[in-house]
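Each chain, letter by letter, is given below.
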Amino acid sequence: TWSQFISLHYETLVATDFFTVEVCGPRRLTTLFALCFIDIRTRLVYFAGLTEHPNEAWMMQVARTITMDGEPFLNGKTMLLHDGDKKYCRGFRRLLKDAGVRPVRLPPYSPNLNAFAERWVRSIKTECLQFYCPMTRASVEYVIRQYVAHYNAERTHQGLHNEVLGPQDALKNTNGPIKVSHRLAGLLPYYHRELQAHH
């Protein structure tokens with residue numbers, strides 16, 4: 001079964017998905033495509049980039065970037081789950097295979113098979129993007145990167161017993177008064193204990 005497959009390969013699976021953001025420019029409405037990857041085991045997210053034209057050349061550059069030496073995200077990973085979108089082109093898949101990561105194309109009409117990536121897209125849309133009317137590509141990229149940083153280091157995750165994925169030093173502290181910090185002008189708040197000065 002699919003649940004057995006996920007359980008057997010839990011440590012080595014990564015999933016990916018696109019989502020779109022509409023930019024209200026001065027002359028026209030532009031659709032930008034954002035591509036993200038999520039580690040199934042840790043739930044850490046990697047933001048691969050933003051483009052108006054997710055063509056083969058752009059996708060192959062993404063593949064080169066994410067598989068290059070020194071990029072840790074795919075270390076130890078052997079399979080990448082993706083839907084049947086034609087943007088996952090032959091060149092993209094070939095570069096992943098050359099790096100030891102096997103692309104697994106999911107069958108059509110099976111959103112539950114890519115549940116981790118789909119849930120990530122829902123999170124960024126409902127917790128962040130729906131509150132913005134971006135005017136430039138730069139503003140979209142800034143908002144996405146801020147949310148990814150929040151998701152990876154500050155936000156608790158119900159599916160992981162309300163743990164934080166990559167705690168910062170302030171979040172590891174168990175003493176001191178509780179403080180609230182935030183990103184994006186208060187849209188993304190998080191709580192932590194204030195670090196105490198050592199005397």
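Details of the structure are given in the entry above.
Along each chain, residue indices are assigned from 1 in the same order as the chain's sequence is written. Local features in a predicted model are, by the rule used here, given only for residues with pLDDT of at least 70; side-chain atom pairs are given and counted only at 80 or more, and totals for whole chains, interfaces and linings are based on all residues. Just so you know, side-chain values use all the structure's heavy atoms and leave hydrogens and water out.

J.: Just checking my understanding: could you explain helix 2 (residues 56-67) for this structure?
T.: What sets the pattern is the α-helix's 3.6 residues per turn: residues three or four places apart point alike. Note on conventions: DSSP H or I runs of at least 4 residues are helices, E runs of at least 2 residues are strands, and numbering of each starts at the N terminus. Take the residue count of a helix, subtract one, and multiply by 1.5 Å to get its expected span. Taking 1.5 Å of rise per residue, the 12 residues of helix 2 would be expected to cover 16 Å, and the 16 Å separating its terminal C-alpha atoms lies within 8% of that figure. Packed against the buried residues of helix 2 are strand 1 (13-24), strand 2 (29-39), strand 3 (45-51) and helix 3 (90-98). Contacts are residue-level and defined by heavy atoms, with any inter-residue pair within 4.5 Å sufficient.

J.: Explain unusual backbone geometry to me, please; I cannot follow it from the model alone.
T.: Note: most peptide bonds trans; most residues except glycine with negative phi. In the Ramachandran plot, arginine 43 falls in the positive-phi region, its phi being about 70° despite a non-glycine side chain. Here arginine 43 shows up in the loop between strand 2 and strand 3. Positive phi values are uncommon outside glycine, yet alanine 185 reaches one of about 55°. Within the secondary structure, alanine 185 sits in the loop between strand 8 (178-183) and strand 9 (188-193). Any residue under 20% of the maximum accessible area for its type is buried, any over 50% is exposed, and the rest in between are partly exposed; the area is computed with a 1.4 Å probe on protein chains only. You can call alanine 185 exposed: its relative accessible area is 81%.

J.: Looking at this structure, I do not really get the packing of aromatic side chains. What am I missing?
T.: Any pair of aromatic rings gets described here by the distance separating the centres and the angle formed by the planes. Pairing of aromatic rings covers Phe, Tyr and the six-membered ring of Trp, with a centre-to-centre limit of 6.5 Å; geometry is then stacked below 30 degrees between planes, edge-to-face above 60, and tilted otherwise. Tallied over the entire structure, the rule returns eight aromatic pairs. With 5.5 Å between their ring centres and 50° between their planes, phenylalanine 18 and tyrosine 88 make a pair best called tilted. Highlighted residues: phenylalanine 18 in strand 1 and tyrosine 88 in the loop between strand 4 (79-82) and helix 3, separated in sequence by 70 residues. By relative accessible area, phenylalanine 18 is classed as buried at 10%. Taking the relative accessible area as the measure of exposure, tyrosine 88 reaches 1% and is therefore buried. An aromatic cluster of three or more residues is present, and its members are Phe18, Tyr88 and Phe92. Any Lys NZ or Arg CZ found within 6 Å of a ring centre and within 35 degrees of that ring's normal is scored as a charge over the ring. The ring of phenylalanine 18 has lysine 87 sitting right over it, with the charged end atom 4.9 Å from the ring centre.

J.: In this structure, what is going on with the nonpolar core? I would like to understand it.
T.: Across soluble globular proteins, nonpolar side chains have a tendency to be buried as a group. Grouping buried Ala, Val, Leu, Ile, Met, Phe, Trp, Tyr and Cys residues that are joined through side-chain atoms within 4.5 Å yields what is termed a nonpolar core. Counting 32 residues, the largest nonpolar core has Phe19, Trp120, Ile124 and Ile144 as its most contacted members. Those elements that provide at least two residues to this core are strand 1, strand 2, strand 3, strand 4, helix 4 (115-127) and helix 5 (137-153). In terms of residues, this core owes the most to one element, helix 5, which gives six residues. Those residues in contact with tryptophan 120 that lie beyond four places of it in its chain are Phe19, Cys36, Ile38, Val45, Tyr147, Val148 and Tyr151. Listed in part, the 20 residues of the second largest apolar core include Phe73, Leu74, Tyr88 and Val101.

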